[in-house]
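# Structural characterization, general
Below are the chains, spelled out letter by letter.
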Amino acid sequence: MRSGDGFKLTAAALEEAVSSDTKWLLLNSPSNPTGAVYSPVELAELAEVLRRHPSVLVLSDDIYEKLVYGAVEFATMASVAPDLADRTLTVNGVSKTYAMTGWRVGYGAGPADLIAAMNTIQSQTTSHTSSISQHAAVAALSGEQGFLEEIIATYDYRRHLVVGALNESKFLNVILPDGAFYLYVDCSELIGSSTPQGQPIASDVDLASYLLEHASVAVVPGTGFLASAFFRISYAAATDDLERGCAQIVDSLNQLT
Ligand SMILES: Cc1ncc(COP(=O)(O)O)c(C=O)c1O
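As the structure is a computational prediction, the values presented were derived from the model and not from experiment.

## Things to note about unusual backbone geometry
Cis geometry is found at the peptide bond from Asn-32 to Pro-33, where omega equals 20 degrees. Inspection of the secondary structure puts Pro-33 in the loop between strand 1 (24-28) and helix 2 (40-51). Of note, the bond from Ser-228 into Ala-229 is cis; its omega dihedral lies within 30 degrees of zero at -10 degrees. By secondary structure assignment, the location of Ala-229 is in the loop between strand 6 (220-221) and strand 7 (230-234). In this model, Ala-180 sits at a positive phi of 60 degrees, which is unusual for a non-glycine residue. Of note, Ala-180 is situated in the loop between helix 6 (147-166) and strand 5 (182-186).

## Some thoughts on the nonpolar core
With 38 residues, the main nonpolar core has Leu-166, Leu-183, Leu-207, Leu-211, Phe-231 and Leu-253 as its most contacted residues. Elements supplying a minimum of two residues to this core: helix 6, strand 5, helix 7 (204-215), strand 7 and helix 8 (239-254). It is helix 6 that contributes the most residues to this core, seven residues altogether. For this core, the two domains that each supply at least three residues are domain 1 (3-142) and domain 2 (147-254). Every residue in contact with Leu-183, bar those within four places of it in the chain, is listed here: Pro-33, Val-162, Val-163, Leu-166, Val-174, Ile-175, Pro-177, Phe-231, Arg-232, Ile-233 and Tyr-235. In this structure, Val-18, Leu-46, Ala-81 and Leu-84 belong to the second largest nonpolar core, which totals 17 residues.

Cut-offs used in this document
- Residues numbered from 1 in each chain as written.
- Predicted model: local features only at pLDDT ≥ 70, side-chain atom pairs only at ≥ 80, totals over all residues.
- Heavy atoms only, no water.
- Helix = DSSP H or I, 4+ residues; strand = E, 2+ residues; numbered from the N terminus.
- Core = buried A, V, L, I, M, F, W, Y, C linked by side-chain atoms within 4.5 Å.
- Buried < 20%, exposed > 50% of the residue type's maximum accessible area, 1.4 Å probe, protein only.
- Domains from an automatic or database assignment.
- Contact = heavy atoms within 4.5 Å.

Now the structure itself:
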């Protein structure tokens, strides 16, 4: 994952990475943690590589499907490359679009043999998600979707707000992402600095701890996503909290030396 590629896997990088050991390509667009969104053309380029590697399966995690902004349109491998349907598993859920995280409902579509195997595992482990949750999910998915427009507009407003507020810091250069509700912030300039108490900031983990203590803001260090030095910030929070949190981040970063 490289910021220079918009945090997206390119066809060339995929070709280079695939080997005879490769079983799955996991795609997540819009992405957690970067907010990156693959265009139909970019997915078609990846599909072209996959056609040369028939043993590789594709898992497309589309959970942020509805959370795309401006003119950006959501696309998924199953629609861009229907010829790969027999090795594409598409998964989704109600946690993000409908803010139904606690209901614990996800769903998938893919080749029958794969779904049967998933059923076998699930029936022997968690058995199934509760029937009440399943009915609630059906209501969410088949109900009136008009409210989504307002939700997306609100996230879009917060996306601009947080990017603008964090870019007030001379240490940060935050890129406006196309989807989901995260920013993946490059903090490499701050690695090697010290806190007012003289503690070294040797990694994004140190920086996240510092922000937790000094700015009272929880960010997720990029190390957890195997991509440093970054931190992830979620703007799925109240506008007032975001304004206050960003101001506290900028103020705390100014105190690093
Ligand atoms: C990329 C991605 N997939 C799936 C999920 C699933 O969420 P849940 O287990 O709440 O349905 C999440 C939640 O953070 C996510 O970020």
